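Structural overview
Each chain is listed here by its residues.
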Amino acid sequence: MRDRTAEGTTDRRGVDPVGAPPPHRGHRNGLLAVLLAGQFMANMDGAISNVAAPAIRADLAASDAQLALVIAGYVLAYGTLLITGARLGQARGHRAVYLLGLLIFTVASLACGLAGHPLVLIGARMAQGVGAALLVPQVLTGIMISFDGAARVRALGAYAVVLAAGSVTGQVFGGLLVSADLFGLSWRPAFLLNVPIGVVLLVTGIRLLPPPRPGPRHRLDVTGMVLLGSSMVLLILPLVSGREQGWPAWTWLCLAASVPAFAFFLAGQRAGAARGRQPLLNLEVLGVPALAWGLLAIAVGQTTYAAMLFTLPLHLQEGLGHDARYAGLVFAPWAAAFGVGGVHWHRLPSTVRHLAAPLGYGLLAGAYLILGVLTSAGLADGPVLPAVLAVAGLGLGVGFCALIASFGDTVPGRFAPDVSGLVSTVLQLFAVVGVTGFGSVYLGLTTTTGPAPSVRAHALLCLLFTVTALMATIAARRATAVVPVPPT
């Protein structure tokens, strides 16, 4: 955040007014590693159950509804509690809440790996989501308050790598673990592996994460937590379960009820702030134009990324006849290029650096367009596919990381927990929207088997992705036009 102590931002010595003093420079790399490892585990577990679902069904004799809840339970708990987790970090200390979330996540992973009944696995997956929702918001907040200048740019680049690599690694690594059937445990090692990693992170985090400064604790907005949680459940539950159940009436009722529920939550937040109370979400932050436009760009771009992760493996396996390993590994160039773009976007020439975000999303749109044309012509297979996906990943990495960096330079430091909670929630929520919306289009167009319907559906989706990415490009331009990203 900018050096404006009067506004509550970090001062020139890097003191964090919302939590802890920054770590000594010698510990910053360790601090960053601990934070990002937690983020990586949370992202990876969001994807790993998709790959393990058939093995879980066979081993636990799970019904379709139970299997859907194994996947949806994690997403529901995670997405619902992210903003609450961010505010808890401010109220009780980012270090304490991160470690608590990591502990819950680790214990829940053990419970997942040992589950002998679908209901036990569903409960453990929801507990994993709770733990992830507590620890993930502390990651971006910790970067914002513990790093500045070039160090922050590098840290945000690493953050981008983890965001990109987590979901892809979940698909690839989960598939490999399930296929290997280690010790005859089938899908269980995919969750049990989190346990030793979590223990190491807990021990390391206790030593490296900076303790909070003494001072008054913020009062938690419990009413706001309940209202926001209820609103998010009404929105997310039908999105993650509706498609599997054929969109019954209750899903539409929940979606309709989510609108007044969110309106009631926002009205309560404004009323509480007017009375001088600490709101769960400081709505003042949405008055920063760069943040509002930037969040819109991130949201729109995220829908295409999540939908591509969901639909392309289906196209490759069910349409073109490739195996699951190929369908997972083909995303590796995307993840690698995303990381390169996230780490090195600031090396663009100073004359165009402030345009990095719209240029990145524009490159993403171009890659989608090329992929759509090649798919229609029957040429999007072999080495050309990972090459085009690498271009798309590079564009998304540049665009996303340039926007996150711009938040650090344009939003006052007192809003760090709000920004972290909003970014994490937007990423999770619009991933669900992307899979639900675009995924339904793809599945609706591939009701018959064979390559031809799949090719047509995937080509159409790529064109829709192109239009959507162009919308993200416009929003990113508006965000960076408000306050340009300064040279580093």
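The structure displayed is predicted, hence computed values, not measured ones.

Comments concerning the pattern of salt bridges
- According to the stated counting rule, one finds 2 salt bridges in the structure shown.
- Here arginine 125 makes a salt bridge to aspartate 45, at a shortest N to O gap of 3.9 Å. Pair noted here: arginine 125 is in helix H4 (residues 118-146) and aspartate 45 is in helix H1 (residues 25-60), with a separation of 80 residues, a long-range link. Assigned by exposure class, arginine 125 and aspartate 45 land together as buried.
- Between arginine 188 and aspartate 59 there is a salt bridge, with the nearest N and O atoms lying 3.1 Å from each other.

What about unusual backbone geometry?
- The backbone of alanine 61 shows a phi angle near 55 degrees, a positive value even though the residue is not glycine.
- Mapped onto the elements of the fold, alanine 61 is located in the loop between H1 and helix H2 (64-92).
- Positive phi, close to 55 degrees, is recorded for serine 186, a residue that is not glycine.
- Looking at the element boundaries, serine 186 is found in the loop between helix H5 (149-180) and helix H6 (189-192).

A look at the nonpolar core
- Trp334, Tyr361, Phe400 and Phe407 are the most contacted members of the largest nonpolar core, which has 114 residues in total.
- By size, the runner-up hydrophobic cluster in this structure holds 19 residues, among which are Ala52, Leu60, Leu67 and Ala190.

Focus on the confidence of the model for the protein
- On average, residues of the protein score 82 in pLDDT, and 90% of them reach the 70 mark or higher.
- In the predicted structure, residues 1-24 sits below a pLDDT of 50 and forms 67 contacts with residues beyond four places in sequence or in another chain.
- pLDDT under 50 marks residues 484-488. Its contacts with residues more than four places away, or in other chains, come to 11 contacts.

A short note on the packing of helix H12 (residues 332-344) against helix H14 (residues 384-410)
- Between H12 and H14, the least distance of the axes is 7 Å, while the angle of their chain directions is 35 degrees. Considering the relative orientation of H12 and H14, their crossing is right-handed. Only Pro386, Leu389, Ala390, Ala392, Gly393, Leu394, Leu396, Gly397, Val398, Phe400 and Cys401 of H14 make contact with H12, whose side of the interface consists of Pro333, Trp334, Ala337, Phe338, Gly341 and Gly342.

Side note on the environment of glycine 38
- For glycine 38, the location among the structural elements is in helix H1.
- In this structure, the C-alpha to C-alpha distance between glycine 38 and glycine 101, residues 63 residues apart in sequence, is 9.2 Å.
- Beyond its immediate stretch of four places on either side in the chain, glycine 38 contacts Tyr98, Leu135 and Leu201.

Some details on the packing of aromatic side chains
- All chains considered together, the criterion is met by 8 aromatic pairs.
- The interplanar angle of 80 degrees and the centroid separation of 6.0 Å between the aromatic rings of tryptophan 187 and phenylalanine 191 together place this pair among those described as edge-to-face.
- The class of phenylalanine 191 is buried, set by a relative accessible area of 0%.
- Taken together, the ring pairs in this structure connect Tyr305, Trp334, Tyr368, Phe438 and Phe465 into an aromatic cluster.

Some words on the environment of arginine 477
- The residue arginine 477 is located in helix H16 (residues 451-482) in this model.
- The exposure class of arginine 477 is partly exposed, given its relative accessible area of 36%.
- Here the alpha-carbon distance between arginine 477 and tryptophan 293, two residues 184 residues apart in the chain, equals 8.5 Å.
- Every residue in contact with arginine 477, bar those within four places of it in the chain, is listed here: Leu355 and Pro358.

A short note on the environment of valine 343
- With respect to the helices and strands, the residue valine 343 is situated in helix H12.
- Take valine 343: its relative accessible area is 27%, and that puts it in the partly exposed class.
- Once the C-alpha coordinates of valine 343 and arginine 154 are considered, the two residues, 189 residues apart in sequence, prove to be 6.2 Å apart.
- Not counting chain neighbours up to four residues away, the residues in contact with valine 343 comprise Gly157, Ala158 and Val161.

A few points about helix H7 (residues 194-208)
- When the terminal C-alpha atoms of H7 are compared, their 20 Å separation across 15 residues agrees well with the 21 Å that a helix rising 1.5 Å per residue should span.
- Asn194, Val195, Gly198, Leu201, Leu202, Gly205 and Leu208 are the residues of H7 that are buried. Across the axial projection of H7, the buried residues extend over an arc of 160 degrees, all falling on one side. Structural note: H7 exposes Val200, Val203 and Arg207 on the side pointing more than 90 degrees away from its buried face.

Rules used throughout
Residues numbered from 1 in each chain as written. Predicted model: local features only at pLDDT ≥ 70, side-chain atom pairs only at ≥ 80, totals over all residues. Heavy atoms only, no water. Salt bridge = Lys/Arg side-chain N within 4 Å of Asp/Glu carboxyl O. Helix = DSSP H or I, 4+ residues; strand = E, 2+ residues; numbered from the N terminus. Buried < 20%, exposed > 50% of the residue type's maximum accessible area, 1.4 Å probe, protein only. Core = buried A, V, L, I, M, F, W, Y, C linked by side-chain atoms within 4.5 Å. pLDDT = per-residue confidence, 0-100. Contact = heavy atoms within 4.5 Å. Axes fitted to C-alpha atoms, helices over the stretch in contact; angles between N-to-C directions. Left-handed = near helix turned anticlockwise from the far one by under 90°. Phe/Tyr/Trp six-rings, centres within 6.5 Å; stacked < 30°, edge-to-face > 60°. Expected span 1.5 Å × (residues − 1). Arc of directions from axis to C-beta.

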